[in-house]
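Now for the letters of each chain:
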Amino acid sequence: MLTPSAHTDTFARDNLPPRAIWPDLLLDGFDYPDQLNAAVELTDAMVAKGFGDHTALIGNGRRRTYKELTDWTNRLAHALVEDLGVKPGNRVLIRSANNPAMVACWLAATKAGAVVVNTMPMLRAGELAKYVEKAEISHALCDTRLMDEMIACAKSSDLLKTVVGFDGTSNHDAELDRLALEKPVQFDAVPTAQDDVALIGFTSGSTGNPKATMHFHRDLLIIADGYAKEVLQVQASDVFIGSPPLAFTFGLGGLAIFPLRNGAAATLLENASPPNMVEIIEKYKATVCFTAPTAYRAMMRAMDEGADLSSLRAAVSAGETLPGPVYDEWQAKTGKPMLDGIGATEMLHIFISNRFEDHRPACTGKPVTGYEAKVIGPDGTELPPGEVGRLAVRGPTGCRYLHGERQDEYVQDGWNISGDAFFMDAEGYFHFAARNDDMIVSSGYNIAGPEVEAALLAHEDVAECAVIGVPDEERGTIVEAHVVLGASATPSDALTKALQDHVKATIAPYKYPRSVVFTKALPKTESGKIQRFKLRDPA
């Protein structure tokens, strides 16, 4: 049974999938009061615990303490309720790059009992309109530097009634900032239920029609009290940095929820390129980093040129599978493991991970405390160790699609089916094979694209690569590698053959790329995930 809701706008609860098709939720060990507002727990409650003078956020050249963040978000919450008419349960869209103001707006809207939809700055009006329509969004808070597309979206929408700008720089000179300026620093947050929806996360799907995942107030704390506590062992002295957008649940967890739940600091970069991250790591002595393997490769090149990244104690890799050569080189250069893990927007964050004291190359690790995982065949039966199948997982968080859209595809028999092909070894460690749609069948052989990529990345001339299957009359499909070369290499037929021979010598010869395409860059999402579907269908 769900706890009585504090939402007066009941859209979110009304549009949860039917309870019968939810995944099993394993909540033992995750005990929260019936009334729980996640934003209060990350701000006011932290001040009450004595963290008021600790740095909470670093961005735009200044630090903000937990007390400053608490006062700021309470003023903003007053403005949202009193001036903009936000009611508990209203959906509030936030459009911004990663900066402290975006975090403050998310926390303020959550305190006001809103259901927040964080969005990426790259989205255009047409894409924003899909979010507005699907989640029936009434209010939007937008960095004034990104207003054009937001206004264009609002003009075409009957649902989006209120669009107000905030200043994402450190000047705080926009409409929302001015409304908040005279407000009190105390705010009676809406006493939301622990299972009231707090966040709607849209998937970064390749179909162009993203699904919306619904997450409760308790879920936001579960990922911090589970993965962040057990795997990252977060301390108040930690300084977080990373590249994923706050609009993705991976970024919101790693760059806001995890540090704020533990009295630590988060550094936020609007342009989290590897050179910018290197600069900030050196400047603020960052200790925990979240980014994709391609960025870690660039950071290691910076280390070769003298960059000092010795402050990092935790390097978390997710979004893309972590190739063995990247793991090995990081370990050799730093003496510390790179923590590979897998998460999903549907599950909110990482649910299988390596640990500091238990890690292996080309291995995703074991389930995070509270989660269970298995590998299943096409008929749903569990496969024995060593056999590749679909990954199934369940735990304290789980998939709930808005409107129940395609819920029965993701959730089967109480398990979340992630869309990833994995195998489990005899010792219970999980190994990524491919996204289910990245398995290449060539002349009857099953070939996992990421395995070929890892072999190519071990070649000194390869900076980045992505492997796909392309149609072939004789073999049905062949392996095609799209390769970004290092600065000292030049495309040639001889280099193509050298790369093919290298793969044949590294893994089973039948897996080598019969086609090699040299390119200057690979298409990626904002979080650094390679968009292989764009290589398969450039249109």
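Structural data are supplied above this passage.
None of these values were measured; they are calculated from a predicted model.

Participant: Looking at this structure, how should I read the nonpolar core?
Facilitator: Nonpolar side chains in soluble globular proteins generally cluster together in the buried interior. By size, the foremost hydrophobic cluster in this structure holds 90 residues, and its most contacted members are Trp106, Leu141, Leu176, Leu232 and Phe258. Those residues within four positions of Leu232 in sequence are excluded, and the remaining contacts are Tyr227, Phe240, Phe258, Val288, Phe290, Arg313, Val316, Leu339 and Phe356. By size, the runner-up hydrophobic cluster in this structure holds 32 residues, among which are Leu16, Leu123, Ala140 and Ala247.

Participant: What exactly am I supposed to notice about the sheet that holds strand 23 (residues 462-472) here?
Facilitator: Paired through their backbone hydrogen bonds, the strands of a sheet run either parallel or antiparallel. Read across the open sheet, the three strands follow the order 23-24-25; overall the sheet is mixed. Only two strands of the sheet have a single neighbouring strand rather than two, namely strand 23 and strand 25 (515-518). Each neighbouring strand pair of the sheet contributes to a mean axis angle of 25°, computed without reference to strand direction. Note: strand 23 against strand 24 (residues 476-485), 10 bridges, orientation antiparallel. The residue of strand 24 that forms the bridge with Ala466 is His482. Relative to the sheet, helix 16 (residues 493-506) contacts strand 23, strand 24 and strand 25, its axis offset from that of strand 25 by approximately 125°.

Participant: It is not clear to me how the environment of Asn74 should be interpreted in this structure. Could you clarify?
Facilitator: Within the secondary structure, Asn74 is located in helix 4 (residues 66-82). A relative accessible area of 1% places Asn74 in the buried class. For the pair Asn74 and Leu221, spaced 147 residues apart in the sequence, the C-alpha separation amounts to 20 Å. Aside from chain neighbours lying at most four places away, what touches Asn74 is Asp44, Lys111, Pro184, Val185, Gln186 and Phe187.

Participant: Please clarify how helix 4 should be interpreted in this entry.
Facilitator: Because each turn of an α-helix spans 3.6 residues, side chains separated by three or four positions end up pointing in the same direction. Here helix 4 contains 17 residues, and its C-alpha end-to-end distance of 24 Å stays within 8% of the 24 Å for a straight helix at 1.5 Å per residue. Summarising burial for helix 4: 12 of the 17 residues are buried, a large majority. Among the residues of helix 4, Tyr66, Leu69, Thr70, Asp71, Trp72, Thr73, Asn74, Leu76, Ala77, His78, Ala79 and Leu80 are the ones counted as buried.

Participant: Any chance you could explain the pattern of salt bridges here in plain terms?
Facilitator: Where charged atoms from two side chains of opposite charge come close, those side chains can pair. The final tally for this structure, using the stated rule, is 29 salt bridges. Across the pair Lys183 and Asp83 runs a salt bridge, and its minimum N-O distance is 2.9 Å. Separated by 100 residues along the polypeptide, Lys183 in the loop between helix 8 (175-181) and strand 7 (197-202) and Asp83 in the loop between helix 4 and strand 3 (91-95) bring together distant segments of the chain. Taking the relative accessible area as the measure of exposure, Asp83 reaches 38% and is therefore partly exposed. The shortest N-O distance in the salt bridge between Arg355 and Glu230 comes to 2.8 Å. Here Glu230 lies in helix 9 (residues 217-232) and Arg355 lies in the loop between strand 14 (350-353) and strand 15 (366-367), a separation of 125 residues in the sequence. Owing to a relative accessible area of 10%, Arg355 belongs among the buried residues under this scheme. Residue Glu230 is classed as partly exposed on the basis of its relative accessible area, which comes to 27%.

Participant: When you look at the packing of helix 11 (residues 274-284) against helix 12 (residues 293-304) in this model, what are you seeing that I'm missing?
Facilitator: Packing of helix 11 against helix 12 leaves a shortest axis separation of 9 Å and a crossing angle of 60°. Accordingly, the angle class assigned to the pair helix 11 and helix 12 is oblique. Judged by the sense of rotation from one axis to the other, the crossing of helix 11 with helix 12 is right-handed. Residue-level inspection shows Pro274, Met277, Val278 and Ile281 of helix 11 in contact with helix 12, the latter providing Ala295, Ala298, Met299 and Ala302.

Participant: Sorry if this is basic, but what is going on with the sheet that holds strand 10 (residues 265-267) here?
Facilitator: On the basis of which strands lie adjacent, the open sheet formed by nine strands has the order 2-1-10-9-11-12-13-14-15 and mixed pairing. Each edge of the sheet is formed by a strand with only one pairing partner; in this case those strands are strand 2 (62-65) and strand 15.

Participant: Looking at this model, I keep getting lost on the packing of aromatic side chains. Mind explaining?
Facilitator: The geometry of an aromatic ring pair comes down to the distance between the two centres and the angle between the two planes. Under the defined criterion, the tally for this structure stands at 11 aromatic pairs. Note on Tyr227 and Phe258: the rings are 5.8 Å apart at their centroids and 40° apart in plane angle, and the pair reads as tilted. Residue Tyr227 is found in helix 9, and its partner Phe258 is found in helix 10 (residues 249-261); the two are separated by 31 residues along the sequence. Judged by centre distance (6.1 Å) and plane angle (50°), the ring pair of Phe258 and Phe290 falls under tilted. Separated by 32 residues along the polypeptide, Phe258 in helix 10 and Phe290 in strand 11 (residues 288-291) bring together distant segments of the chain. The same class applies to Phe258 as to Phe290, namely buried. One aromatic cluster is present, formed by Tyr227, Phe240, Phe250, Phe258 and Phe290 through successive ring pairs.

What counts as what
Residues numbered from 1 in each chain as written. Predicted model: local features only at pLDDT ≥ 70, side-chain atom pairs only at ≥ 80, totals over all residues. Heavy atoms only, no water. Core = buried A, V, L, I, M, F, W, Y, C linked by side-chain atoms within 4.5 Å. Buried < 20%, exposed > 50% of the residue type's maximum accessible area, 1.4 Å probe, protein only. Contact = heavy atoms within 4.5 Å. Pairing = 2+ DSSP bridges. Helix = DSSP H or I, 4+ residues; strand = E, 2+ residues; numbered from the N terminus. Axes fitted to C-alpha atoms, helices over the stretch in contact; angles between N-to-C directions. Expected span 1.5 Å × (residues − 1). Salt bridge = Lys/Arg side-chain N within 4 Å of Asp/Glu carboxyl O. Parallel < 35°, antiparallel > 145°, perpendicular 65-115°, else oblique. Left-handed = near helix turned anticlockwise from the far one by under 90°. Phe/Tyr/Trp six-rings, centres within 6.5 Å; stacked < 30°, edge-to-face > 60°.

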